Amino acid sequence: MTALEINDLGYSFGAKRALDGVSFALRPGKFTALLGPNGAGKSTLFSLLTRLFVSREGRISVAGHDLAREPRAALSKIGVVFQQPTLDLDMSVMRNMRYFAALHGISGREAQARSERALAQLGMVERAGEKVRDLNGGHRRRMEIARALIHEPEVLLLDEPTVGLDFKSRQAIVDHVHGLAERGLTVFWATHLVDEIRDYDDVVVLHRGRVLAHRAAAKLREGRPLAEVFIEMTGGE
Ligand code: ADP
Ligand code: MG
């Protein structure tokens, strides 16, 4: 069973075709990049995977659960960090975690234990008492990732999680997310930054709503610089 499988998925905004015939499956416990230039359809795909948008075209299956037929079961296996941050700046890190836990029906000691575990996985335990407002951009992102793990999902979706961050903060996030994949989580990371792919196991290249390639990152790197291959695939956009 694959962690995430998509078959012939399509989506339009009116006359605008945002996704067309998208099919692929992610290898479980791997770190896969969804690489594509701005406007490729990455965020639209994430909206469909989290049922913010619903499409009648195609099928999505999460850990063996059909998203349309068993939405609750499927969604319980997905954790997501959206492109736009959704943190409450005036709450402490721990309050944010506990609040999110409550939304998932997790309370009391269990919520505390899970919050601590998730924060530890992102190296954020020492920050538990700090207000989100006082954290730097990298730590805010890490707190959002920790929060997305509170219900112990099997698949973690990250939409451009390093945009706007400095190199060191980006690298810290990549390293922690690698740690999550090593512990068995299936990670799907959307990015338009071609230099980030050196950090991944697999790459799905999305362009104008279509999958151009899906392969091991090492294969995409073979011989030629990755940037060159990507520019050729997407026509330099
Ligand atoms: P990416 O995340 O890869 O940058 P998006 O999924 O945001 O791409 O957008 C894919 C395409 O769909 C783009 O052409 C974008 O302009 C269009 N699009 C996205 N959201 C909407 C919307 N709410 N209404 C109309 N068009 C949209
Ligand atoms: Mg986007």
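Residues numbered from 1 in each chain as written. Chains lettered and ligands numbered in written order. Predicted model: local features only at pLDDT ≥ 70, side-chain atom pairs only at ≥ 80, totals over all residues.

An unreviewed UniProt entry lists the protein chain under the name Putative ABC transporter ATP-binding protein, with Salipiger bermudensis as the source organism. Under the heading Sequence similarities (unreviewed entry), UniProt records this for the protein chain: "Belongs to the ABC transporter superfamily." (UniProt positions renumbered as here; feature names shortened; annotations may be inferred.)

K.L.:
What am I meant to see in the overall build of the protein chain here?
P.N.:
For the protein chain, the count of helices and strands is eight helices and 10 strands. For 237 residues, the compact-globule estimate of 2.2 N^0.38 gives 18 Å, and the protein chain sits close to it at 18 Å. With respect to the principal axes defined by its C-alpha atoms, the protein chain has extents near 50 × 40 × 35 Å. When burial is assessed residue by residue, the protein chain has 38% of its 237 residues classed as buried. In the protein chain, the proportion of contacts linking residues at least 24 apart, taken out of those at least 6 apart, comes to 69%. (Helix = DSSP H or I, 4+ residues; strand = E, 2+ residues; numbered from the N terminus. Rg over C-alpha atoms; globule rule 2.2 N^0.38 Å. Buried ≥ 20, exposed ≤ 12 C-beta atoms within 10 Å, placed from the backbone. Contact = placed C-beta atoms within 7 Å.)

K.L.:
Teacher, can you tell me more about the nonpolar core here?
P.N.:
Soluble globular proteins tend to bury their nonpolar side chains together. Grouped together as the largest cluster of nonpolar side chains are 62 residues, with contacts concentrated most on M97, A146, L157 and V187. Per-element tally for this core: the top contributor is helix α3 (residues 93-103), with five residues. Here L157 is in contact with F46, L49, I78, V80 and F188, once residues within four sequence places are set aside. (Core = buried A, V, L, I, M, F, W, Y, C linked by C-beta atoms within 7 Å.)

K.L.:
Just checking my understanding: could you explain the packing of α3 against helix α5 (residues 137-147) for this structure?
P.N.:
Packed helices, taken two at a time, are described by their axes: the angle between them and the distance between them. Their axes nearest at 10 Å, the elements α3 and α5 cross at an angle of 25°. On the basis of their axis angle, the class for α3 and α5 is roughly parallel. The chirality of how α3 crosses α5 is right-handed. Where α3 approaches α5, its residues V93, N96, M97 and F100 are matched on the opposing element by M143, A146 and R147. Partitioned by chemical class, the residues of the contact of α3 with α5 number five nonpolar, one polar and one charged. (Axes fitted to C-alpha atoms, helices over the stretch in contact; angles between N-to-C directions. Parallel < 35°, antiparallel > 145°, perpendicular 65-115°, else oblique. Left-handed = near helix turned anticlockwise from the far one by under 90°. Nonpolar A, V, L, I, M, F, W, Y, C, P; charged D, E, K, R; others polar.)

K.L.:
Could you clarify how one ought to interpret the site of ligand 1 in this entry?
P.N.:
Taken together, the neighbourhood of ligand 1 is formed by F13, K16, A18, G36, N38, G39, A40, G41, K42, S43 and T44. When residues of the shell around ligand 1 are traced back to their parent elements, those giving at least two are β2 (16-26) and α1 (42-49). Here the shell around ligand 1 gets three residues from one element, more than from any other, and that element is α1. Broken down by class, the residue content of the shell around ligand 1 amounts to three nonpolar, six polar and two charged. (Near = placed C-beta within 6 Å.)

K.L.:
Sorry, what's going on with the domain arrangement of the protein chain here?
P.N.:
Often, the extent of an interface is quoted as the loss of accessible area on bringing the components together. As assigned here, the protein chain comprises domain 1 (1-77 + 155-237) and domain 2 (87-152). Each partner contributes to the interface: domain 1 provides 12 residues, whereas domain 2 provides 10 residues. Of all the secondary structure elements, the ones that give two or more residues to the side of domain 1 that touches domain 2 are β7 (155-159) and α6 (167-182). Of all the elements, α6 adds the most residues to the side of domain 1 that touches domain 2, at six residues. Among the residues making up the side of domain 1 that touches domain 2, the classes are represented as seven nonpolar, five polar and no charged. (Domains from an automatic or database assignment.)

K.L.:
Sorry, what's going on with the environment of S12 here?
P.N.:
Inspection of the secondary structure assignment puts S12 in strand β1 (residues 4-13). For S12, a count of 14 C-beta atoms within 10 Å gives the class partly exposed. In this structure, the C-alpha to C-alpha distance between S12 and S55, residues 43 residues apart in sequence, is 8.8 Å. If near-sequence neighbours (up to four positions away) are discounted, S12 is found in contact with R17 and A18.

K.L.:
What should I look at first to understand the sheet that holds β7 in this one?
P.N.:
Sheet strands pair by backbone hydrogen bonding; their relative direction is either parallel or antiparallel. Taken in spatial order, the six strands line up as β6-β7-β8-β3-β9-β10 in an open sheet, and their pairing is mixed. Lying at the two open borders of the sheet, with one neighbouring strand each, are β6 (78-81) and β10 (210-216). Across the sheet, the axes of successive neighbouring strands diverge by a mean angle of 15°, strand direction being ignored. Sheet analysis places strand β9 (residues 202-207) next to β10, joined by six bridges and oriented antiparallel. (Pairing = 2+ DSSP bridges.)

K.L.:
Looking at this structure, how should I read the pairing of β6?
P.N.:
Put simply, side chains in a regular strand alternate between the two faces of the sheet. Every second residue of β6 is oriented toward a common face, with I78 and V80 on one face and G79 and V81 on the other, all of them buried. Bridge count for β6 against β7 is four bridges, and the pairing is parallel. Paired with G79 across the two strands is L156, which belongs to β7.

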